[in-house]
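Inside the fold
Listed below are the residues making up each chain.
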Amino acid sequence: MMNAILFLIILSLSFLVFFIPKSLKYYYTLFLLTSGIILTSLWCFGVLNGNNQQLNIQLYTSFFNRNFLLTIDSLSAFFIVVVNITVFIGFLYARGYLQPYYQSKNALRFSIHYFSYLWLYLSMIMVVMIRDGLSFLIVWELMALSSFLLVIFDAEDRTIMKTGISYLIQMHVGMFFILISFLIVDKATGQMSFDALRLYFASHSNFLLFILFFIGFGIKAGFILLHTWLPEAHPAAPSHVSGVMSGVMIKMGIYGILRVIMSVQNDLLLIGLIVLSISIASGVFGVMMAIVQHDLKRLLAYHSIENIGIIGIGIGLGVIGLATNNTALSLLGFSGGLLHVMNHSLFKSLLFFNAGSVYQATHTRNIEQLGGLMKKMPYTAIFFLIGSLAICGLPPFNGFISEYLIYMGMFKSLSAANLYQSIVILSSIVGLALIGGLAIFCFTKAFGIVFLGEPRSEKASKAKEVSRVMIFPQFITVAFIILIGLASVLFVKPVFNIVFQAFRLPDMTMVANSSVNNLAQISILSGIFVITIVILLVYRHFYLKTKQIDIGPTWGCGYTAGTSKQQYTATSYTYNYNHLAKPLLQTKKIMDDFRDDEIFPVKRTFESHSDDIIKKLLIDKPIDWFSSLLKKIAVMQTGQIQHYILYAFVYMLLVFLLTYFNLI
Amino acid sequence: MMSFVLILIAAFFFPGIILRTKSISSGRKGQGILQPIKDIGVLMRKGSVFSKTSGRIFQIAPVVALSSVLCVLLVIPFATQSAVISFEGDFVFFAYLLAFGKFFTILSALDTGSSFGGMGANREAFFSMLVEPAFFILLATFAMLTGYTSFSGIFSHFFLAGTHYVLIYSIIGFYIFVQIAMIENSRLPVDDPRTHLELTMIHEVMILDNSGFDKALIHIGTYLKFAIYGALMYNVIVPAGWNIFLQIVLFLTVQVVFAVIIGLTESFRARNKMNKNPKFILTISAIAWIAFVVILILTDKLI
């Protein structure tokens, strides 16, 4: 009872943010956010410690005749922890990030922004706690609305407003699919909730309903074909919002999919295969598109698609494991996927925060205009580097641990798998290896071009390190990233338990124990690696002191008068790759050819950009077609009142005739 | 521990053998077998020149790259003795830790701000990305064949699995490891270490601005990597159960043969055209796929 009252107090206090003086709004929101986080964390630890399997909190007994009940099981608890960490750090970061906007935007703007941030948090928390269908849809809608308001913070810019609206529409398409799925369940079982799913699946086709749910939740998560909103909305939003959206909000889609899978009873193999193949495609496609992006935040947005793909590979393998009674594959697949949810929320939000810092310092997100920032913004650079290493799945950072679990699930099941399974598993291994390689290619580009070398424009050369309030919160994220990487066992064990409880796996102690042993060995080896680096660096430091050190220009093949424009650009870095990936990328180049009579070349411009082929086919083309159709119909809109009266008359006549012949 | 020592010994002579092979086959008197090691001594004694553009990444990258190579050394087994540290999936760690070192090498090339550095960096990143699947397919094939998922487990059960067909995947494995080693160490036919034109270099152009101590570290890393891949090749072609002294002799023989292969390839072959390289590298993955299909047939899963 106490829990419910506290939660309701936080909910209702959130409205007061509109009446607080502008300078105090931030602190008031921070206070509410912190109390919410502490409260929900307490609930979670109770569940995760195993004191009670499930925690029920009754908010209202009757709410539109519905039971407004918060239920926390271990899966919800896991997601709550993930949400809490990232949302909290994001808000701490927001203080510095929003500083420059304090003069240009009025108090109402800030109220709306903070209020939506708070409600994005609360709705995400409630999404993972509510089981009842209608209430779930309400909070799901709240999540979409609040994130929409957050995205359009900079709405003076027309393109941002447009992006925001397109985001809102696509979110509602997803919501529509979830609504339909719930209605189908309601029609068949008389109940509309996640708990009724089990009932429905027991007697109906599992596959079709799952696909409906998958489309609905997949749009949120950003699987390929459903991802079209993602690369648009993330760059448009302020960086702390992009961090939260990409870090945790899209994971709500993953949560939904997991919640549905928990109830699925047959067709598991088919479902697993579909999830797996879409995920591999998302992973490879996401990173392939990311490589050719020049907008730093858009690049990161495409990486979200890639990481959702990795999470999906874990889930897909887990489901295949359930279907084939392969406990090792289920446990390691689901755990790898879940842990990657957490890992991705950490390193992706870190990367977005740093992209925001770069934007604040240079006022551009175009990586072709950056360069040499490592010397000017050392902290930002090091954080970005750590984030890059982690997102590439390199040890000793956290990304490696989750990818390792997924790899292990696959390698362990190979010898016992039959023909089709082995082919599927091998393809996933290749997919994951390829994703890893491509990610390294992408992030060496991103980090190298943005932070290393010489500044490529005046904006970049004038950059200064961002304020301390923006740097400090990122230390927390980095600490988590390194902690999960080096002491993985502490985090993997609880995740194993969550998976064990959520999917009712048979005995799995053997697999779990051996994995924990392996992870301990990895920690040792990672430790050795770090120690070797430190020893060698110290040795190098003292060794170089005894030698003569000169500073000179970079080797330029004898030509030393180069300018910073002669450096390798992001476009040239990806030239090789572009050549290979031509069919998928559709890179367009805009340049005039040389004329025959042109003896001395005149000034020329060169431009190249790559379209998202899926967005083009799925969104742009149909919209173009539809608007051209509407334009044709618009002939009827003549502006002459006589015509309109005629339309009304024809309509009445039509209704009259149809009724007369009993057609309507 | 034995593998550790043996690989260090092999790495000591490896570059010299390549050089000797090349000089003999081209009819030159050539350098002594220890010349590369002496060169390292020379580099160590020299001072360093750093580019004024470069920053911290450039300073630490050689150290990181060498550390990653030293650490993956620990997971390589020898004969029946398992590696210093062995756990399930250690080859995943192997591949990813080497990638970590490579990540920093690439960044250090970009850190100099020279377009040559960028050129080498992008080629190296691109080619090593393409070669990644081949390694994983091969190891997956071995894992499926033996039912073990660590280097030590796979290699000690390698020859027990399907006794009569074992030569097929031994040979395929050997071939693929040779190719991967050539690409990872930037040798012919993908990259030519002797080339003097920056525009056609891959690995060399990335380390153009390194000098003295750092350059020595980079060389040591390369030599160790050769010996590591040599050890992997040895493990796929020699059964683990044989007499230990015979094994040591055979190990060194395999390393010498590997070095001679590299020397001969570099003497008699021209480098690929740069835009042919992706095809060449993907072919290796294709061969690994074939190995996988062969295993499917042998384990009665297919047909």
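This text follows the structure it describes.
So, here is what we can say about the structure in this document. (Residues numbered from 1 in each chain as written. Chains lettered and ligands numbered in written order. Predicted model: local features only at pLDDT ≥ 70, side-chain atom pairs only at ≥ 80, totals over all residues. Heavy atoms only, no water.)

**Points about the packing of helix α3 (residues 74–98) of chain A against helix α5 (residues 107–127) of chain A**
Helix-helix packing is described using two parameters, namely the angle between the two axes and the distance between the axes. Residue and element names in this part refer to chain A. Packing of α3 against α5 leaves a shortest axis separation of 10 Å and a crossing angle of 170°. Here α3 lies roughly antiparallel to α5, going by the angle between them. In this structure, α3 contributes Ile80, Val83, Asn84, Val87, Gly90, Phe91 and Leu98 to the contact, and α5 contributes Phe110, His113, Tyr114, Tyr117, Tyr121, Met124 and Ile125. Considering only residue class, the contact of α3 with α5 consists of eleven nonpolar, three polar and no charged. (Axes fitted to C-alpha atoms, helices over the stretch in contact; angles between N-to-C directions. Helix = DSSP H or I, 4+ residues; strand = E, 2+ residues; numbered from the N terminus. Parallel < 35°, antiparallel > 145°, perpendicular 65-115°, else oblique. Contact = heavy atoms within 4.5 Å. Nonpolar A, V, L, I, M, F, W, Y, C, P; charged D, E, K, R; others polar.)

**Describing empty space enclosed by the protein**
A probe matching the size of a water molecule, rolled over the atoms, marks out where space remains unfilled. Counting across every chain of the model gives five cavities of 30 Å³ or more. Roughly 260 Å³ of internal volume is contained in the largest cavity. Lining the largest cavity are 22 residues, and of these Ala65, Thr105, His203, Ile218 and Lys225 of chain B sit closest to its centre. Listing elements by their share of the lining of the largest cavity, those giving two or more residues are α3 (56–73), α4 (90–111) and α10 (212–237) of chain B. Ranked by the residues each element gives to the lining of the largest cavity, the list is headed by α3 of chain B, at six residues. Classifying every residue of the lining of the largest cavity gives nine nonpolar, nine polar and four charged. Its boundaries defined by the atoms lining it, the second largest cavity holds a volume of some 200 Å³. Lining the second largest cavity are 18 residues, with Ala95, Ala99, Ser128, Glu132 and Glu184 of chain B positioned closest to its centre. Of all the elements in the fold, those that place two or more residues in the lining of the second largest cavity are α19 (419–451) of chain A together with α4, α5 (115–146) and α8 (166–184) of chain B. Each residue belonging to the lining of the second largest cavity can be placed in one class, and the counts come to 13 nonpolar, two polar and three charged. (1 Å grid on protein atoms, 1.4 Å probe; cavity = no way out; pocket = protein on both sides within 12 Å on 5 of 7 lines; lining within 4 Å. Points joined across faces, edges and corners; volume = space filled by probe spheres on them.)

**Considerations on the environment of Gly117 of chain B**
All names here are of chain B. By the element assignment, Gly117 lies in helix α5. Spatially, the C-alpha atoms of Gly117 and Tyr229 are 26 Å apart, while their sequence positions differ by 112 residues. Ignoring sequence-local partners within four residues, the contact set of Gly117 consists of Ala109, Val205 and Met206.

Everything listed is a geometric property; what it means functionally is a separate question.
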